[in-house]
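Observations on chain architecture
The lines below spell out each chain.
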Amino acid sequence: MMSDRRKNLLSYLIIILLVSIFGLASCSKARKKEEAEKMSELQKLPDIKIRLAKYSPTEIGCDETLLNEEEKKVLEKLVLASMFMDNIFWKQASTQGLAIKEKLEKSTVPEDKDYLHFLKINFGPFDRQDENRPFLGTSLKPLGAGFYPADLTKEEFTNFISQHPETKEEFESPYTVIKRKNGQLVAIPYNQEYREDLEPAARYLREAAELSSNPSLKKYLLQRASDLLSNNYYQSDCLWIDVKDSLVEIVIGPFEVYEDSLNGLKASYESFVYINDFEEMKKIKGYLLYLDEMQENLPVESKYKGQKVRGLESPLNVVFEVFTAGDTKAGIQTSAFVLPNDEKVREEKGTKKVFLKNMMEAKFNKSLIPISRRVLLAEDVAFVTFEAYFNEVILHEICHALGTDYITLADGSRTTVNKALRDLHSPLEEAKADVLGLYSVPLLVEKGWIPAEKEKEVYTTYLAGMFRSLRFGAREAHGLATLLQFNFLREKNAFLYEPQSEKFKVNFPTIKEAVKELAQVLLTLQGKGSYEEAAQFIIRYGQLDELTQKTIEKLGDIPVDIEPLFRQLGSDF
Ligand code: ZN
C-alpha cells in the first residue's frame, strides 16, 4: 500500500506533468496560431487548385541502361552541381521568394501545401502564366526581378550611367546585380553575390571532370568550373561547342535575360543535364541530304527561291533531358534551346541547337493529345502521333534555311528580308518554316524518306498542333504565325468544321494544293520585301474569329504544360 505522503507526492507529480503537457500543448498551439497569422498576412488567391492544374506533374528522366558505370557517376555529379542553380535562381527571380518558401515549409495550414507547390513551380509568389500576378501577397513583381533594388526605375538606372560613364560596363554587364549602398547605386559581380552557391557547384563540376574519360568533356567541365568563379564565361562557352562523342553533357551558368524585364540585361542561372541521342541525330543528317532538292522544289519563280541553300544556322542535336534547374525550370518548360548567347562566341565558334526530345514527348502526351480529343473528330485522334509532331519540329528548323535572305527592292536597292519587313519579319519567317516543312512532305514521301502511309498523320498532327500554339496567344511571333496559317488554310477549305460535333478535320483532297498556295504567298512576300503587302496579309489573316476563339476557350482545363519530376535523382519535388 502506498503511504498518503507518497500518494500526495504522486498526485503532485501528476499535476505538474499535466500542467506541463497542457502548457506545452497550449504553447505550441499558440506558436502554430502565430505562424498561421503570419502566413495569413499574405493575401492568397483562392483559385490555387485551378492554377496548379495548368501543370501536369510528369516524371522526366533517362533510360539509365544507356549509360556505363563511369557515365552514371559523372551524371550524378552534374546533377548535384545543377541543384545550386535552383538556389541562385530563387534569389534572382524575386527578393522575397525564398523567405515565403521557408515560411510555407513550416506552416501547418493544410492548404499551404498547394501554395508551396505553386510557389516552387514559379520560383516565387508570382504566376508566370498570369502575367506575373501575385498569388501570394499583394506586392507586384518588380520589373527588374531580384537583379535591381525593387524601387529602381529604368530612368534612374540610365541617368546614373550617364552621370557616371565609368560604371557603364559593369552596370550593363549580364553578370552583375545592382544594389544600393549608402544611398549610391553599385554593381556587384555574380561571382561575389552568389559565391556560396557557385563554389560547391564548381566543386561538383571538377569532381565530374575527374571521373570522366572523355577529354573534350573533361576540358569543358574544368574550364566551366573556374569560369563560374571568375565570372568570365568566354572560354568554357567555346569549349562546350567542342564537346564531342560524350553521351553525357551539361549546360550550366547564367544565360537568358528574359527575367530582367526592366532592362533585358541580366542573365539568369540555369542548367540542363542531358544524354545525347546519336541515333536520332544520324537520322536528321539524312534529311539534310535533301535540302537542295527541297529548295529547288519550292513553288515560286527562282528569283524568290534564293540562290543557294544557306547552311543551317546551327547543328541540330537531339537529346534526352535528365535534369534541369533554375530559370529553365520555372513555369513553362523548354523543349529546345540555342546556346551560347555570347555574340563573340557565336561568331567564332557558332552555336548548338538542342532538342529535348523526351520533354517534347511529355508535352505532347499531356497537352497535345487531350487537345486533339477536344478539337478533332474522334476517328482522327489516332492520327496525332509524336513521331509526326517531332518530324514537323525538325522540318521547321531545317526549312528556316530555305527561301531567300537577300533581296532586291522595287527601287533596285539590295537589302535583307529581315530589314525590309522589320517587325513583320518574325511571324512571316516562322509561318514560312512551318509551311515549307509541310509543303516538302510529298517530296520526301516520293524520296521514300517519309513512308506514304504516314502522310495522314503529318497533316492531322499539324492541325491539332495549331490549337496548342494558338492557346499561347497570337501576340508573339509563333502564335501569330500559326493564326496566319490556320485562317488561310481554312479559307481554302483545307480544314473543315463540322457544326454538329463542333470538331475540325483535315480536308485531304485540298490540303496539299492549299499548302502550296500558302507557300507561294509567303515566299513571294519575303522575296518582294514590301512592308505594305506583308502588313495587308497579316491584317487579313491574323484575326482570331469567334469560332476559333470559342474552340480555344474550350481547352481551358487542359494542362498548359508539364511540371517535371526528377524523382529518381533526388529532387525535392
Ligand atoms: Zn522557327
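Note: the structure precedes this text.
The next point concerns empty space enclosed by the protein. In total, this model carries three cavities of 30 Å³ or more according to the counting rule given. Approximately 80 Å³ is the volume attributed to the largest cavity. Secondary structure elements with two or more residues in the lining of the largest cavity: helix 16 (386–399) and helix 18 (425–439). Considering each element in turn, the lining of the largest cavity owes the most residues, four residues, to helix 16. Residue composition of the lining of the largest cavity, by class: five nonpolar, two polar and two charged. Lining the second largest cavity are 11 residues; nearest its centre among them are Ile121, Lys329, Gln333, Glu563 and Pro564. With three residues, strand 15 (residues 561–565) is the largest single contributor of residues to the lining of the second largest cavity.

This part covers helix 21 (residues 477–491). For helix 21, spanning 15 residues, the distance from its first C-alpha to its last is 21 Å, which sits close to the expected 21 Å at 1.5 Å a residue. Counted residue by residue, helix 21 has 11 buried out of 15 residues, so it is predominantly covered. Here helix 21 has its buried residues at Gly479, Leu480, Ala481, Thr482, Leu483, Leu484, Gln485, Phe486, Asn487, Phe488 and Leu489. Asn493, located one to two residues past helix 21, shows a positive phi value of around 60 degrees.

If you want to describe how two helices pack, look at the angle between their axes and the distance between the axes. One can describe the packing of helix 16 onto helix 18 by two numbers: an axis separation of 8 Å at closest approach and a directional angle of 120 degrees. Considering their axes alone, helix 16 and helix 18 lie oblique with respect to each other. The way helix 16 lies across helix 18 gives a crossing that is right-handed. Along its contact with helix 16, which presents Leu395, His396 and Cys399, the element helix 18 presents Glu430, Lys432, Ala433, Asp434, Leu436 and Gly437. Residues of the contact of helix 16 with helix 18, tallied by class, amount to four nonpolar, two polar and three charged.

With respect to the helices and strands, the residue Thr482 is situated in helix 21. Accessibility expressed as a relative area gives 5% for Thr482, which makes it buried. Only 2.9 Å separates the side chain of Thr482 from the backbone oxygen of His478, close enough to count as a polar contact. Dropping the residues within four chain positions of it, Thr482 is found in contact with Met466, Ser469 and Leu470.

Residue pairs three or four apart in sequence face the same way in an α-helix, which turns once every 3.6 residues. Here helix 5 (residues 112–122) lies mainly inside the structure; nine of its 11 residues are buried. All of the buried residues along helix 5 are Asp112, Asp114, Tyr115, Leu116, Phe118, Leu119, Lys120, Ile121 and Asn122. Following helix 5 by one or two positions, Phe123 adopts a phi angle in the positive range, close to 50 degrees.

Taken together, the protein donors to the zinc ion comprise His396 (NE2), His400 (NE2) and Glu430 (OE), at separations of 2.1 Å. Read in sequence order, the donor residues coordinating the zinc ion give the pattern H-x3-H-x29-E. For the pair His396 and His400, one class covers both residues: buried.

Met294, Leu428, Leu489, Phe495 and Phe537 are the most contacted members of the largest nonpolar core, which has 78 residues in total. Leu489 has contacts with Tyr462, Ala494, Phe495, Ala514, Val515 and Leu518, leaving out every residue within four places of it along the chain.

On to the packing of aromatic side chains. Overall, the coordinates contain 31 aromatic pairs when judged by the stated rule. Taken together, a centroid distance of 5.9 Å and an interplanar angle of 25 degrees make the contact between Phe486 and Phe495 stacked. Residue Phe486 shares its accessibility class with Phe495, and that shared class is buried. Members of the aromatic cluster, each reached through a chain of ring pairs, are Tyr462, Phe467, Phe486, Phe495, Tyr497 and Phe504.

Cut-offs used in this document
- Residues numbered from 1 in each chain as written.
- Predicted model: local features only at pLDDT ≥ 70, side-chain atom pairs only at ≥ 80, totals over all residues.
- Heavy atoms only, no water.
- 1 Å grid on protein atoms, 1.4 Å probe; cavity = no way out; pocket = protein on both sides within 12 Å on 5 of 7 lines; lining within 4 Å.
- Points joined across faces, edges and corners; volume = space filled by probe spheres on them.
- Helix = DSSP H or I, 4+ residues; strand = E, 2+ residues; numbered from the N terminus.
- Nonpolar A, V, L, I, M, F, W, Y, C, P; charged D, E, K, R; others polar.
- Expected span 1.5 Å × (residues − 1).
- Buried < 20%, exposed > 50% of the residue type's maximum accessible area, 1.4 Å probe, protein only.
- Axes fitted to C-alpha atoms, helices over the stretch in contact; angles between N-to-C directions.
- Parallel < 35°, antiparallel > 145°, perpendicular 65-115°, else oblique.
- Left-handed = near helix turned anticlockwise from the far one by under 90°.
- Contact = heavy atoms within 4.5 Å.
- Polar contact = N/O pair within 3.5 Å; in protein donor to acceptor, adjacent residues only side chain to side chain.
- Donors = N, O, S within 2.8 Å, 3.2 Å for Na, K, Ca; no water.
- Core = buried A, V, L, I, M, F, W, Y, C linked by side-chain atoms within 4.5 Å.
- Phe/Tyr/Trp six-rings, centres within 6.5 Å; stacked < 30°, edge-to-face > 60°.

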